[in-house]
Structures are given as structure tokens and as C-alpha cells.
Amino acid sequence: NLKPERSTEWELGLDGNFWENRLSAEVTYYHKSSKDALVSRVLPPSLGTGLTTRFENLGEVRNSGWEAMIDAQLLDFDAFGWNVNINGSTNDNKLVSLGGLPPIVSSSTQRQVEGYPLNGWWSRRLVSYNDANGDGIIALSEIVVSGEPEFHGYSSPRREVALTNAFEFLQRRLRLVALLDYKGGHLVYNNTERIRCASRFNCAGLISRDAS
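First things first, this report covers the structure right here in the doc. Note that the structure is a prediction, hence the values are computed from the model and not measured. (Residues numbered from 1 in each chain as written. Predicted model: local features only at pLDDT ≥ 70, side-chain atom pairs only at ≥ 80, totals over all residues. Heavy atoms only, no water.)

Points about the pattern of salt bridges
Stated formally: Any Lys or Arg side-chain nitrogen found within 4 Å of a carboxyl oxygen on Asp or Glu counts as a salt bridge. A run of H or I in DSSP counts as a helix once it spans at least four residues, and a run of E counts as a strand once it spans at least two, with each numbered from the N terminus. Only protein chains enter the area calculation, which uses a 1.4 Å probe; residues under 20% of their type maximum are buried, those over 50% are exposed, and those in between are partly exposed.
Tallied over the entire structure, the rule returns eleven salt bridges. Taking the shortest distance from any N to any O, the salt bridge between E160 and K183 comes out at 3.9 Å. Note that E160 is positioned in strand β12 (residues 159-169) and K183 in strand β13 (residues 174-184), a separation of 23 residues in sequence. For K183, a relative accessible area of 42% corresponds to the partly exposed category. Between E193 and R196 there is a salt bridge, and its shortest N-O distance comes to 3.8 Å. One end of the pair is E193 and the other is R196, both in helix α1 (residues 191-200) and three residues apart, which spans about a single turn. Look at R196 and you get partly exposed, because its relative accessible area is 33%.

Description of unusual backbone geometry
Here the phi dihedral of L170 falls at roughly 55 degrees; this positive angle occurs in a residue that is not glycine. Locating L170 in the fold gives a position in the loop between β12 and β13. Non-glycine residue F201 carries a positive phi angle of around 55 degrees.

Concerning the layout of surface pockets
We apply this condition: A cavity here means a set of 1 Å grid points, computed over protein atoms only, where a 1.4 Å probe fits but cannot escape. A pocket is an open set with protein on both sides within 12 Å along at least 5 of 7 lines, and lining residues have an atom within 4 Å of a point. Grid points are joined across faces, edges and corners, and a volume is the space filled by probe spheres set on the points. Gly is put with the polar residues, along with every residue not named as nonpolar or charged; the nonpolar set is Ala, Val, Leu, Ile, Met, Phe, Trp, Tyr, Cys and Pro, and the charged set is Asp, Glu, Lys and Arg.
Looking at the largest pocket, its volume works out to about 1400 Å³. Along the wall of the largest pocket there are 31 residues; nearest its centre are L126, E193, C197, G205 and S212. Of all the secondary-structure elements, those providing two or more residues to the lining of the largest pocket are β8 (120-123), β9 (126-129), β10 (143-145), α1 and α2 (204-207). Taken together, the residues of the lining of the largest pocket break down into 18 nonpolar, eight polar and five charged. Along the walls of the second largest pocket sit 16 residues, with V39, S40, I104, S106 and Q112 positioned nearest its centre. Among the elements of the structure, β2 (23-42), β3 (53-76) and β6 (104-105) are those that each provide at least two residues to the lining of the second largest pocket. Broken down by element, the lining of the second largest pocket gets its largest block of residues, five residues, from β2. When its residues are assigned to classes, the lining of the second largest pocket shows eleven nonpolar, five polar and no charged.

Some words on the sheet that holds strand β11 (residues 150-153)
Spelled out, the test is: Strand pairing follows a simple DSSP-based rule, namely that at least 2 bridges must link the two strands.
Pairing is antiparallel in the open sheet, where four strands are placed in the order β6-β7-β8-β11. Pairing within the sheet leaves two strands with one partner each, and these edge strands are β6 and β11. Two elements, strand β7 (residues 110-112) and β8, share two bridges in a ladder whose sense is antiparallel. Each bridged residue has a counterpart across the sheet, and for Q110 the counterpart in β8 is W121.

As C-alpha cells, then:
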């Protein structure tokens, strides 16, 4: 009974060229809604099928944000050229509906929860800690965490910016390009540190009194 996902989107944008087309700029706002989104639904083991998940048309997802670009031809000679391009975008992602299903636990740290972004980071939050016995070491008994997992942040970037510089030499026969890329507004799970602390026992938090 699967159906195609259906998306509707509207955009509002402006663009222009200036100084004999040596400078161009664009800015766009977008709002996209996807319905009948395919959601990997967790199946109860009591079904006895051996399957643990099944895709169903359950979800509604919304994405909105801004996109902008500026392109400038700073130098334009027969023997040499210099072009600069900067573009950026923002994204606000939200799982509007799961079709009445409870939150889907995708992994030990990621969940699909209505009203929150897709694949959001969820975990118990550190509430407080206190070196009660004064030995300089924070033991598990001296740590208080929240009773239930709480939302920590996005798993995919909310802001992206790229700056490109292009230089042309030797009568425009040689082109060198340098790219700087930025992504932010999201969290990355430090699985390397988790392994070091949980099974290798060589992370700073376990063996250094100067650790945070």
C-alpha cells in the first residue's frame, strides 16, 4: 500500500546583475512541506515475522530557510583573472507528524519525535555533579542526570557557507581554485571518545585530574 511521497514548495527570490555583469547576487526564501513521507516504523517482535521495521506513508516533514549567493569578477585581464564566489544557506527542519505513532528510536542517541527535527540527538542530560568526598575524582554516584532522554540538537547542519576564490593564469590556460567550507548549528557525536571511555579506558575524563 505504499504511495509516493508528495511535496509542495514555494520560493520567493530576488537576483540581479551589476557593473556590467561583473557582480551578481541572488537571495531566496523557501518553504517545503512533504506529506506521505516514508517512515521506517518499528514492528513489535510479537508479530513473529523476523522483521524489525517496515516503511509506511506516515510522516509530514517541513523544511524552510534562506539561500544566498554573491559572485564577483574582481580582476578580468587577458593574462590574469580573479573571481570570488560566496554562497550560504540556512535550514529549519521539523517533523510535523508521525501519523499518530509514538516517537521512533532510530539508535541509542537519535530519535524521530513530532515537533523536533529529523534524526535529532536525544540523551539524558547532565543535571549536576559534586565531588562529595573531595578526592578530586567525579564518581558515577556523584553525578545526577535527567530521568528521561532530552533533545540536544540537530544532527545535520543548520548553516552552511562556502567561499571560493578562482585565479586564472597564463592567458587563462591555468585555473587554480581555493575553497573554504563552513557548516554549523548542529552537533556531531564523538564516538571515538565514547569508545575510549567505555572500553579502552584511556580517555582524559577517566585518568586525568585536570579533565573538565
